Amino acid sequence: MTSMSRARVARRIAAGAAYGGGGIGLAGAAAVGLVLAEVRMARRHVGNGTTNHVPNATGRYGHLYETPGDPPLRLTMLGDSTAAGQGVHRAGQTPGALLASGLAAVAERPVVLRNVALPGARSDDLDRQVALVLADPALVPDVCVIMVGANDVTNRMPPTRSVRHLSAAVRRLRTAGAEVVVGTCPDLGTIEPVQQPLRWLARRASRQLAAAQTIGVVEQGGRTVSLGDLLGPEFAANPRELFGPDNYHPSAEGYATAAMAVLPTVCATLGLWPADEERPDVTRREAFLPVARAAAEAASEAGTEVAAAMPTGPKGPWALLKRRRRRRVPEPETEPVTPSSP
């Protein structure tokens with residue numbers, strides 16, 4: 001599917017989400033049915049390789065930067081097993097811990113991490129998760145990272161419904177004062193037990209949803225980072241290294257690479273990234289684009305950021321497409337982390 005075709009499909013899905021439509025399909029119902037059969041087989045294979053245990057990474061990071069009277073930054077993870085960090089054994093290997101440590105190092109301030117993500121969650125669980133996050137108005141996060149979408153595809157949730165739930169979650173968090181970064185639907189075509197040609201169909205369905213998610217998120221004032229295959233070309237080249245033992249969830253190295261892609265955007269939302277990087281760099285193929293086109297291009301390239309730009313243009317809302325320079329995420333200084341109240 002071309003970028004322009006994906007942009008048209010994403011616009012249709014996002015419009016359906018906004019105005020109450022429901023039945024727009026992803027890659028065709030029959031094709032998705034075949035993909036789902038393959039993914040179910042993959043899940044059975046997954047069940048033989050790992051447990052549902054997720055390390056508890058909630059706590060305080062960046063103890064080196066403690067300053068009396070200087071409150072910590074608050075980072076909250078929402079979403080599914082990818083946000084929770086399923087597939088690794090230590091808290092410090094989860095994406096939340098890696099992002100908290102990286103944010104603390106850039107901000108030179110402690111960071112309190114809270115993780116309310118739930119393995120197996122779909123976008124319709126975000127309403128419950130957001131309610132937990134906003135239960136105490138005194139503890140509204142500075143920034144929230146949401147990773148969700150894969151279970152929506154594998155459970156055949158209509159994409160318009162999926163985007164509607166995600167958009168509502170972003171709107172509630174932004175209204176409460178939190179910045180929001182969404183890691184869009186990962187590329188299900190990278191799951192090893194899914195074979196061709198269904199691998200291609202899974203990739204197509206994932207990218208369609210990712211592009212539509214981007215439109216919905218940007219319209220609500222959030223930013224997105226395309227998770228895609230999480231790691232770009234090297235993911236396909238080194239699946240044994242970058243997948244976990246279940247061949248379904250990322251390994252510790254996989255999560256670290258994903259965190260490197262998301263961290264610059266998390267920092268930018270808080271004004272912690274160099275100001276000169278907030279302008280498009282034509283040498284990195286960055287540009288102001290109609291939001292649907294930016295969403296489609298981002299869905300095709302992992303690690304690409306989309307943020308709202310000019311409020312409108314000749315083709316509707318515009319966005320800034322960024323390909324930020326990734327920086328290595330420091331490992332958490334302690335393991336396990338010091339417990340902290342949320």
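Once a new chain begins, its residue numbering starts again from 1 and follows that chain's sequence as written. Given that the model is predicted, a residue must reach a pLDDT of at least 70 before its local features are reported, and side-chain atom pairs must reach 80 or more before they are shown or counted; all residues, however, enter totals for whole chains, interfaces and linings. Derived side-chain values reflect all non-hydrogen atoms in the structure, with water molecules and hydrogen atoms excluded from consideration.

For the pairing of strand β2 (residues 73-79), give the residues involved together with the corresponding values.
Buried means the residue's accessible area, taken with a 1.4 Å probe over protein chains only, is under 20% of the maximum for its type, while exposed means over 50%, and partly exposed covers the values in between. Secondary structure elements follow DSSP: runs of H or I no shorter than four residues count as helices, runs of E no shorter than two count as strands, and numbering proceeds from the N terminus. Buried residues dominate β2, accounting for six of its seven residues. The pairing of β2 with strand β3 (residues 111-115) spans five bridges and is classified as parallel. Looking across to β3, one finds that T76 is bridged to R114. A pair of strands is labelled paired if DSSP reports no fewer than 2 bridges between them.

I'd like a rundown of the packing of helix α4 (residues 95-107) against helix α11 (residues 252-269), residues and numbers included.
For helices, the fitted axis covers only the stretch in contact; all axes are lines through C-alpha atoms, and the angles between them, taken along N-to-C directions, range from 0 to 180 degrees. Where α4 meets α11, the closest approach of the two axes is 9 Å, and the angle between their N-to-C directions is 45°. Relative to α11, α4 is oriented oblique. Seen along the crossing, α4 lies across α11 with a hand that is right-handed. Contacts from P95, L98, L99, G102, L103 and V106 in α4 reach Y255, A256, A259, V262, L263, V266 and C267 in α11. Any residue outside Ala, Val, Leu, Ile, Met, Phe, Trp, Tyr, Cys, Pro, Asp, Glu, Lys and Arg is labelled polar, Gly included; the first ten of those are nonpolar and the last four are charged. By residue class, the composition of the contact of α4 with α11 is twelve nonpolar, one polar and no charged. Roughly parallel means an angle under 35 degrees; roughly antiparallel means over 145; roughly perpendicular covers 65 to 115; every other angle is labelled oblique. The crossing is said to be left-handed when, going from far helix to near helix, the turn is anticlockwise and less than a right angle, and right-handed when the turn is clockwise. Pairs of residues are marked as contacts when any of their non-hydrogen atoms sit within 4.5 Å.

Tell me what's going on with helix α5 (residues 126-133), and back it up with residues and numbers.
Those residues of α5 lying buried are L126, Q129, V130 and V133. The buried residues of α5 occupy one face: seen down the axis, they fall within an arc of 100°. Contact partners of the buried residues in α5: β2, β3, β4 (143-147) and α7 (159-176). By definition, the arc is the one covered by directions from the helix axis to the C-beta atoms.

Describe the sheet that holds β4, naming the residues involved and giving the relevant values.
Taken in spatial order, the nine strands of this open sheet run β1-β3-β2-β4-β5-β6-β8-β9-β7, and their pairing is mixed. The open sheet has two free edges, formed respectively by β1 (59-61) and β7 (287-290), since each of these has just one partner strand. Going from strand to strand, the sheet's axes swing by 25° on average, the running direction of each strand aside. Sheet analysis places β4 next to strand β5 (residues 179-183), joined by five bridges and oriented parallel. Of the residues in β5, the one forming a bridge with M147 is G183.

So what about the pattern of salt bridges? Which residues, and what values?
Here a salt bridge means any side-chain nitrogen of Lys or Arg lying within 4 Å of a carboxyl oxygen belonging to Asp or Glu. Counted under the stated rule, the structure contains 15 salt bridges. Here R174 and E179 are joined by a salt bridge, their closest N and O atoms 3.7 Å apart. The exposure class assigned to R174 is partly exposed, which follows from its relative accessible area of 28%. A salt bridge links R284 to E286; its shortest N-O distance comes to 3.7 Å. Owing to a relative accessible area of 24%, R284 belongs among the partly exposed residues under this scheme.

Residues and numbers for the environment of I215, please.
Here I215 lies in helix α8 (residues 198-219). Take I215: its relative accessible area is 3%, and that puts it in the buried class. Separated by 81 residues in the primary sequence, I215 and A296 place their C-alpha atoms 9.3 Å from one another.

Would you mind going over empty space enclosed by the protein in detail, with residue names and values included?
We place a 1 Å grid over just the protein atoms. Points where a 1.4 Å probe fits but has no way out form a cavity, open points with protein on both sides within 12 Å along at least 5 of 7 lines form a pocket, and any residue with an atom within 4 Å of a point lines it. Grid points are joined across faces, edges and corners, and a volume is the space filled by probe spheres set on the points. Across all of its chains, the model carries two cavities of 30 Å³ or more by this definition. In this model, the second largest cavity occupies a volume close to 30 Å³. Around the second largest cavity sit D80, T82, M147, V148, G183, T184, P186 and L227, which together line it. Partitioning the lining of the second largest cavity into residue classes produces four nonpolar, three polar and one charged.

If you had to explain the nonpolar core to someone new, which residues and values would you point to?
Residues grouped as a nonpolar core are buried Ala, Val, Leu, Ile, Met, Phe, Trp, Tyr and Cys residues, joined through side-chain atoms within 4.5 Å. Of all hydrophobic cores here, the largest spans 34 residues; its most connected members are L75, L99, L103, V145 and V262. Secondary-structure elements contributing two or more residues to this core are β2, α3 (81-84), α4, β3, β4 and α11. With sequence-adjacent residues up to four places away left out, V145 is seen in contact with L75, T76, M77, L78, L99, V181, V262 and V266. Counting 23 residues, the second largest nonpolar core, distinct from the first, contains L188, A211, A212 and V218.

Describe the confidence of the model for the chain, listing the residues and the values that go with them.
The pLDDT value tells you how sure the predictor is about a given residue, anywhere from 0 up to 100. Looking at the chain as a whole, the pLDDT averages 79, with 68% of positions reaching at least 70. In the predicted structure, residues 43-50 sits below a pLDDT of 50 and forms twelve contacts with residues beyond four places in sequence or in another chain. With pLDDT under 50 throughout, residues 237-246 is counted as low confidence; its partners more than four residues away or in other chains account for 29 contacts.

Tell me what's going on with the environment of T283, and back it up with residues and numbers.
Relative to the helices and strands, T283 resides in the loop between α11 and β7. Taking the relative accessible area as the measure of exposure, T283 reaches 67% and is therefore exposed. Pairs of N or O atoms are called polar contacts if they sit within 3.5 Å, as long as, within protein, a hydrogen donor faces a hydrogen acceptor (for residues adjacent in sequence, only side-chain-to-side-chain pairs). Of note is the side chain of T283, whose polar atom sits 2.5 Å from the side chain of D281.

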